[in-house]
Amino acid sequence: MLYNQNQNTTIILLQSTCYIKHSRHIACFARHLILVKSSVILNSRKQSAFYIYGFFINHTYIKISETMSTVKVKFRPSIIDGKEGKIYYQITHNRVVRQLCTNYKIYPDEWNDDTSSIIINDESRRNHINIIKDLIDRDLSRFKIIRKKYEEKRIRYKSDDIITTFIEYIHKYSFVNFMKAVIEQLRQMNKLRTVETYSTTLRSFMNFRGGNDLIFEEINSDMMVMYEAYLHNNGLTKNTTSFYMRILRAVYNRAVEKEITMQRYPFKHVYTGIDKTVKRAIPINAIKQIKSLDLSNKPLLEFSRDIFMFSFYTRGMSFIDMAYLKKEDLKGNILTYRRRKTGQRLNIKWEKCMQDILNKYHTNNNNPFLLPILRYPSEDCRKQYKTALFRTNRHLKKIAEIVGISTDVTLYVARHSWASAARSKNIPLSVISEGMGHDSESTTQIYLASLDTSVVDKANILILNDLQ
C-alpha cells in the first residue's frame, strides 16, 4: 500500500524505497528507516537537493529531519565606481548561509540580478564573459559532484563542509596538480627526456584550455576530440598529436589506478596509434658527398658533419647516446653502451673510421665523455645537450645546401639512412627494418637487441665499405 498526500505527486517504488519527484509533498511506504530524495534545478544558476529521513507507523508518515542545500551565484559590486565587481557563491544548507569568493570579475551592467546570470553588453568583452560563464558552470558542476558524494555516503554535513571539500577537491582532483606530481616523480627517477615530453604535453593541453585547470571528472570524450582538432589546426602531424594523446592517457590511467577518478575511456574517439611516416633517409651517394666535403676552413660545420658521420658509422646512434658516451665505454675494439631511451645494451665493433673522428676531437683528462659534445661535465649536461643538438642540426642544414641535397638533413637522418642502406644490402628484416617505414620504432629496437651482434657488425662493414 502506498500513502499519497497529494494526487499530483508522482511516486516510484523501488526496493521498498519511494522516490518522489517533488520538493514539498512527500509520500512513501517502508517498514524501516528510509531516505527519500529529490533534486530540482530552480534556475540556471541555482542547484538544490532535498531529502527526508522518515518512517511509517500505522500508515502515518513520521518525518525525522529535512535538509535543503543550495548554491547560488551572486555578484558583489565594487565600492569604487566604474570598477569591476566580483562573483561569489552563496551556499545554504539547513538554513545556514556561507559565502565563497572567486576571482571572476565583471562590471555591474554585465549582471542580471533578476535571473542571477551574466549578460553581454559589450561585444569586445564577449570572450571574457564567456570564459567566466564556463568557469562558473565548472564550479557548479563540482559543487554538484561534492553534494552527490555526501548523499551517497548518507552522512550529515554543513555548509562549511561543502566549502572545505570544494577547496580540497580542487587541489586533490586537479588535473594540473596531479600531472605536475607525475612529472616531478619522473624527474626524481632521472627520466629527463620523459619529463620534457610530459611538460610539453601539459603546456599544450593548458594552452588549449586557455590556462584553466580542471578536475578528472570533467575530462570526457568530447573534450579530447576537441583537443585533437585543436592540435591538427595548429599544424601538428598525426603522429605528434597521437603522442600527446598517449601521454595524457597514461596520466589519466594512473589517476584511475589511484582511485582519484573512474575509468570513463575519454580517449576512445581520438587517434592514439603510430602512423607510418615519410622516409627521411638520403642515398649512400649523398652520404659520400657529405663525408668528402672539405670544411677545414669552417670548423663548426666540420664538427657537425663529423658527428653526423659518427652516427652513421655506429649504426645510426642517436645524438643523446653519442653525447653521453664515456671513455670507459670503449674497451679494445668494442664500444658498449645503453640506449638512454630504452635501456637496451648495444655492442658495436670499433672501426677505423670511428677512430679517425676520435683522434680528430679529443677531450681533456678531466672530462669523462668520449666526444666533445658535453664540454663542461660539472655544469648542466641536459642544457648542453639540447644546445648542441640545436646547433648541430642548424649546421647540417647549411651542409645540405652546400652539397645540394634538397632533403632537410638532421642528425636523425643518419639513423634513417643507415637503416635504408642496410635494407638495400638485402640485410634481413630481422637485422634491421626498412628505415622508419614500420609500425613502431620499438619493433626495430627489439629486433636489434635480440640479434647476435656479429651479424649486425658484418652488415655495418658492408655499408662502410661503400664509402671507400
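Criteria and thresholds
Residues numbered from 1 in each chain as written. Predicted model: local features only at pLDDT ≥ 70, side-chain atom pairs only at ≥ 80, totals over all residues. Heavy atoms only, no water. Helix = DSSP H or I, 4+ residues; strand = E, 2+ residues; numbered from the N terminus. Buried < 20%, exposed > 50% of the residue type's maximum accessible area, 1.4 Å probe, protein only. Areas by Shrake-Rupley, 256 points an atom, 1.4 Å probe, with all protein chains shown as cover. pLDDT = per-residue confidence, 0-100. Contact = heavy atoms within 4.5 Å. Patch = residues over 30% accessible without salt bridge, like charges linked within 9 Å, V, L, I, M, F, W, Y side chains within 5 Å. Salt bridge = Lys/Arg side-chain N within 4 Å of Asp/Glu carboxyl O. Lys, Arg positive; Asp, Glu negative; His and termini not counted. Charge placed at Lys NZ, Arg CZ, Asp CG, Glu CD. Pairing = 2+ DSSP bridges. Axes fitted to C-alpha atoms, helices over the stretch in contact; angles between N-to-C directions. Parallel < 35°, antiparallel > 145°, perpendicular 65-115°, else oblique. Left-handed = near helix turned anticlockwise from the far one by under 90°. Nonpolar A, V, L, I, M, F, W, Y, C, P; charged D, E, K, R; others polar. Core = buried A, V, L, I, M, F, W, Y, C linked by side-chain atoms within 4.5 Å. Phe/Tyr/Trp six-rings, centres within 6.5 Å; stacked < 30°, edge-to-face > 60°. Lys NZ or Arg CZ within 6 Å of the ring centre and 35° of its normal. Expected span 1.5 Å × (residues − 1). Arc of directions from axis to C-beta. Polar contact = N/O pair within 3.5 Å; in protein donor to acceptor, adjacent residues only side chain to side chain.

## Structural notes on the overall build of the protein chain
No. 1: Of the regular secondary structure elements, the protein chain holds 14 helices and 12 strands.
No. 2: Looking at the 468 residues of the protein chain, the share that counts as buried comes to 46%.
No. 3: Of the roughly 26000 Å² of accessible surface on the protein chain, a fraction of 50% belongs to carbon and sulfur atoms.

## Details of the confidence of the model for the protein chain
No. 1: For the protein chain, mean pLDDT is 80; residues scoring 70 or higher make up 79% of the total.
No. 2: Within the protein chain, the element-level pLDDT minimum falls on strand 1 (residues 11–14), averaging 35, and the maximum on helix 8 (residues 299–313), averaging 95.
No. 3: Low pLDDT (under 50) marks residues 61–66, which in the prediction has 25 contacts with non-local residues, meaning those over four places away or in another chain.
No. 4: The low-confidence segment residues 445–451 (pLDDT under 50) makes 14 contacts with residues lying over four places distant or belonging to another chain.

## Some details on a positive patch on the surface
No. 1: On the surface, a cluster of positive charge is made up of K144, K148, K149, K153, K172 and R264.
No. 2: Per element, the largest residue contribution to the positive patch is four residues, and it comes from helix 1 (residues 126–153).
No. 3: In this structure, K148 sits in helix 1.

## Some words on the sheet that holds strand 10 (residues 330–331)
No. 1: Taken in spatial order, the three strands line up as 10-11-12 in an open sheet, and their pairing is antiparallel. Each having just a single partner strand, strand 10 and strand 12 (345–349) make up the two edges of the open sheet.
No. 2: Sheet analysis places strand 11 (residues 334–338) next to strand 12, joined by five bridges and oriented antiparallel. Across the sheet, residue T336 finds its bridge partner in strand 12, namely N347.

## Topic: the packing of helix 7 (residues 284–292) against helix 8
No. 1: Two numbers describe how helix 7 lies on helix 8: the axes approach to 10 Å, and their chain directions differ by 135°. By the criterion of interaxial angle, the relationship of helix 7 to helix 8 is oblique. Where helix 7 crosses over helix 8, the two elements pack in a sense that is left-handed. Two secondary-structure elements touch here, helix 7 through I284, I287, I290, K291 and S292 and helix 8 through R305, F308, M309, F312 and Y313.
No. 2: A class-by-class count of the residues in the contact of helix 7 with helix 8 yields seven nonpolar, one polar and two charged.

## Quick word on the pairing of strand 11
No. 1: Sheet topology places strand 10 next to strand 11; two bridges connect them, and they run antiparallel. Within the sheet, the bridge partner assigned to K331 lies in strand 11 and is I334.
No. 2: Joining the antiparallel neighbours strand 10 and strand 11 is a turn of two residues, in which G332 adopts a positive phi near 65°.
No. 3: Between strand 11 and the antiparallel strand that follows it, strand 12, lie six residues; G343 among them carries a positive phi value of about 80°.

## Focus: the nonpolar core
No. 1: Formed by 58 residues in total, the largest nonpolar core has its most connected members in F308, Y313, M322 and I373.
No. 2: Sort the elements by how many residues they give to this core and helix 8 lands first, with eight residues.
No. 3: With near-sequence residues (within four places) excluded, M322 lies in contact with I307, F310, S311, M317, L371, I373 and L411.
No. 4: Counting 56 residues, the second largest nonpolar core, distinct from the first, contains I132, F143, Y198 and L231.

## Thoughts on the pattern of salt bridges
No. 1: Scanning the entire structure with this criterion turns up 16 salt bridges.
No. 2: A salt bridge links E110 to R125, with the shortest nitrogen-to-oxygen separation between them at 2.5 Å. Of this pair, E110 sits in the loop between strand 7 (96–106) and strand 8 (111–112) while R125 sits in the loop between strand 9 (117–118) and helix 1, and the two are 15 residues apart along the sequence.
No. 3: Classification of E110 as buried rests on a relative accessible area of 2%.
No. 4: A relative accessible area of 16% means that R125 is categorised as buried.
No. 5: The residue R305 makes a salt bridge to E302 at a minimum N-O spacing of 4.0 Å. Placement of both R305 and E302 in helix 8 is noted, with a separation of three residues, approximately one turn of the helix.
No. 6: For E302, a relative accessible area of 14% corresponds to the buried category.

## Digging into the packing of aromatic side chains
Each aromatic ring pair is summarised here by two numbers: the centre-to-centre distance and the angle between the ring planes.
No. 1: Counted under the stated rule, the structure contains 18 aromatic pairs.
No. 2: By the ring-pair criterion, three or more aromatic residues cluster together here, those being F175, F178, F205, F208, F216, Y227, Y230, Y252 and F267.
No. 3: The cationic tip of K238 hangs over the ring face of Y271; the distance from NZ or CZ to the ring centre is 4.4 Å.
No. 4: When the ring centre of Y324 is taken as reference, the NZ or CZ atom of R340 above it lies at 3.8 Å.

## As for the packing of helix 4 (residues 192–208) against helix 5 (residues 221–233)
No. 1: Across the interface, helix 4 lies against helix 5 with an axial gap of 10 Å and an inter-helix angle of 100°. Relative to helix 5, the element helix 4 lies roughly perpendicular. Contacts from T201, S204, F205, N207 and F208 in helix 4 reach M223, M224, M226, Y227, Y230 and L231 in helix 5.
No. 2: Each residue belonging to the contact of helix 4 with helix 5 can be placed in one class, and the counts come to eight nonpolar, three polar and no charged.

## Here's the deal with helix 5
No. 1: Look at helix 5: 18 Å from first C-alpha to last across 13 residues, which is about the 18 Å you get at 1.5 Å a residue.
No. 2: Turning to helix 5, its buried residues are S221, M223, M224, Y227, E228 and L231. The buried residues of helix 5 occupy an angular sector of 160° when projected down its axis, which confines them to one face. When the buried face of helix 5 is taken as reference, the exposed residues oriented beyond 90 degrees from it are D222, M226 and N233.
No. 3: Check the buried side of helix 5 and you find it contacts helix 4 and helix 6 (238–257).
No. 4: N-cap assignment for helix 5: the residue whose side-chain oxygen lies 3.3 Å from the backbone N of D222 is N220.

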